[in-house]
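Chain and residue survey
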Amino acid sequence: MAEQFSPSLLTPSLLRDYVHANRKCYYRTEKPEPSQEEIIRISNTPALPSPIGPYPQYLTPCKVVIDTDIGTDIDDAFALLFALRDPNIEILGVTTNYGVAKIRQQVAQFICNRFAEEHHLESPVRCVTGSSRPLGSHRDYFLTHKEGTPLLDQKYLEENSFLEMQKETHLEAAQFLHEQISSRPHEITIVSIGIPTNIGLLLSEHPEDGDLIKEIVIMGYGSVILNNEELSHRDLKGSHAAETLAIESLSKGNIRLIYPNHNISADTLATKIMFDHPRLRIKILNHTVTAPFIGHGPPIQFLQKEAAKAQLAPEPSHQPEDNPKYPLLPKYHNLSSDGLVGTLMNVWFDIRNRHFQCLYDPLTVYEAAYTDPPGTPPEERTSSVNYICGTMIPHEWAAFGTFVPNPNGNHFFGAEVLAKKTDFTIDTNDTPFMKAFNASFRENEEVLS
Ligand SMILES: [Ca+2]
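The structure reproduced in this document is the subject of the present report. (Residues numbered from 1 in each chain as written. Predicted model: local features only at pLDDT ≥ 70, side-chain atom pairs only at ≥ 80, totals over all residues.)

Here we take up the overall build of the protein chain. Summing up its helical and strand segments, the protein chain has 18 helices and 14 strands in all. For 449 residues, the compact-globule formula gives about 22 Å, and the C-alpha radius of gyration of the protein chain, at 21 Å, lands near that figure. Counting only C-alpha atoms and orienting by the principal axes, one finds that the protein chain spans roughly 65 × 55 × 40 Å. Counting across all 449 residues of the protein chain, residues that qualify as buried make up 49%. (Helix = DSSP H or I, 4+ residues; strand = E, 2+ residues; numbered from the N terminus. Rg over C-alpha atoms; globule rule 2.2 N^0.38 Å. Buried ≥ 20, exposed ≤ 12 C-beta atoms within 10 Å, placed from the backbone.)

This next bit is on the nonpolar core. If you look at the biggest cluster of nonpolar residues, it comprises 117 residues, and the most contacted ones within it are Leu80, Ala83 and Ile111. If we skip the residues at most four places from it in the chain, alanine 83 touches Val64, Ile66, Ile89, Ile91 and Val365. (Core = buried A, V, L, I, M, F, W, Y, C linked by C-beta atoms within 7 Å. Contact = placed C-beta atoms within 7 Å.)

To continue, consider helix H4 (residues 101–118). Here H4 is 18 residues long and its end C-alpha atoms lie 26 Å apart, about the 26 Å a rise of 1.5 Å per residue gives. Counting buried positions along H4 gives 13 out of 18 residues, so the element sits mostly inside the fold. (Expected span 1.5 Å × (residues − 1).)

Right, let's get into the packing of helix H14 (residues 298–307) against helix H15 (residues 337–352). Each pair of packed helices gets described by two things: the angle between the helix axes and the distance between those axes. Relative orientation of the contacting elements H14 and H15 amounts to 105°, with a least axis distance of 7 Å. Classified by the interaxial angle, the pair formed by H14 and H15 is roughly perpendicular. For the pair H14 and H15, the contacting residues are Phe302, Leu303, Gln304, Glu306 and Ala307 in the first and Asp338, Gly339, Val341, Gly342, Thr343, Met345 and Asn346 in the second. Split into classes, the residues belonging to the contact of H14 with H15 amount to 5 nonpolar, 5 polar and 2 charged. (Axes fitted to C-alpha atoms, helices over the stretch in contact; angles between N-to-C directions. Parallel < 35°, antiparallel > 145°, perpendicular 65-115°, else oblique. Nonpolar A, V, L, I, M, F, W, Y, C, P; charged D, E, K, R; others polar.)

This paragraph deals with the packing of H4 against H15. In the contact formed by H4 and H15, the axes pass within 8 Å of each other and the chain directions differ by 155°. In terms of orientation, H4 and H15 fall into the roughly antiparallel class. Contacts from Phe110, Ile111, Arg114, Phe115 and Glu118 in H4 reach Ser337, Leu340 and Val341 in H15. Of the residues belonging to the contact of H4 with H15, the class tally is 5 nonpolar, 1 polar and 2 charged.

Bringing helix H16 (residues 360–369) into the picture now. Owing to its 3.6 residues per turn, the α-helix aligns residues three or four sequence positions apart on the same side. Among the 10 residues of H16, 10 are classified as buried, and the element is accordingly described as predominantly covered. For H16, the full list of buried residues reads Tyr360, Asp361, Pro362, Leu363, Thr364, Val365, Tyr366, Glu367, Ala368 and Ala369.

With that settled, the discussion passes to unusual backbone geometry. Backbone geometry follows two general trends: most residues other than glycine have a negative phi, and most peptide bonds adopt the trans configuration. A cis amide bond links threonine 149 with the next residue in sequence, proline 150, at an omega value of 0°. Considering the arrangement of structural elements, one finds proline 150 in the loop between strand S3 (127–128) and helix H5 (154–159). With a phi angle near 80°, tyrosine 98 is a residue other than glycine that sits in the positive phi range. Note on placement: tyrosine 98 falls in the loop between strand S2 (89–96) and H4. Its identity is not glycine, yet tyrosine 221 carries a phi of approximately 70°, on the positive side. Within the fold, tyrosine 221 resides in the loop between strand S5 (215–219) and helix H9 (228–237).

Without other data, these values stay purely geometric and don't point to any function.
Quick look at the structure:
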């Protein structure tokens, strides 16, 4: 039996330990500003040439806990359903984070419950509410205030104030992670596709768990910050060529600054706790490698078609307050798991006024599960990304990072996508990931026949 978390963590004392807690700045207006201590650490970390190549660990099959901010950007819901369906992935649980973690837990549980019913599973994947309140960040919450809409009963949403929820430091998710990791040492991958608050809480209370986690695979960080020469190259020739030069510079053993992204800058302190663990292995799916993967066309149309079935559902036969812990509006009770995700997708697309989605989180789930044995020929690769090994040193101000390349580091930074490229385009349609994604979101052929 894993020991319990100490009650002292129930107060957000860690937030006060974040040195920049009172220094606010708009997202994307920040400038890198490493502290004196960080500069010393960067200069003391050996920078060595580190080849761009396949992820060196062949790890399969994959037992995961997915830590997610599902309910806003739709790619988390895509990632969850994709992972539920993938035969190579066993989901031991889902934990939620960021702003309205309680609402996000409900959304994830609806999808897992419906999936379990469809597949006659003994029990659905358990979804656990995590911390809404980050440990430390310089910036405010980004919420659409449509989280949970339209699936959740409006009365339930009114009773659960978003403002109040944002102050909640739930420890259940960190405790759940601790129990899973203690009972299955070296077996569990944490797939972090949200804000890493729960992981920060786990590692601050139980640093020893960092040695027992198989690895963390995160959707985190932006691209490498281009230098002046690379910027001029981009103006002349095309952006991908400039980014390629920046990655080549890393692989030759030059340290480089890395942009933050939403996930890690929403909890800079948790990010720092995670990356500063001296032995924890972390694979980083950053914007350079996630951006070329776009979900559009047939999978989107399929989800829209499934969502439209809610319009055909009979009028509600009972009020949701019959079962307040499961406040899914009756209109949606007959929808498939694809229909639930499609319904959330329609709301997100309305907010964004578009009909496609970058697949940041589904790619992260996929890359957690698909690695290749050493020496696999390129045409037989299942992973769609190459990595550079090194050490990410997070900056406590605004979540920039310095990546120090080194073939003996614990961190693996996504360096390039294995796809057809020109200076201006990357065609990912034939990548193993895109093929798997498109196959996951389509009419079930058994049902059709
Ligand atoms: Ca996410």
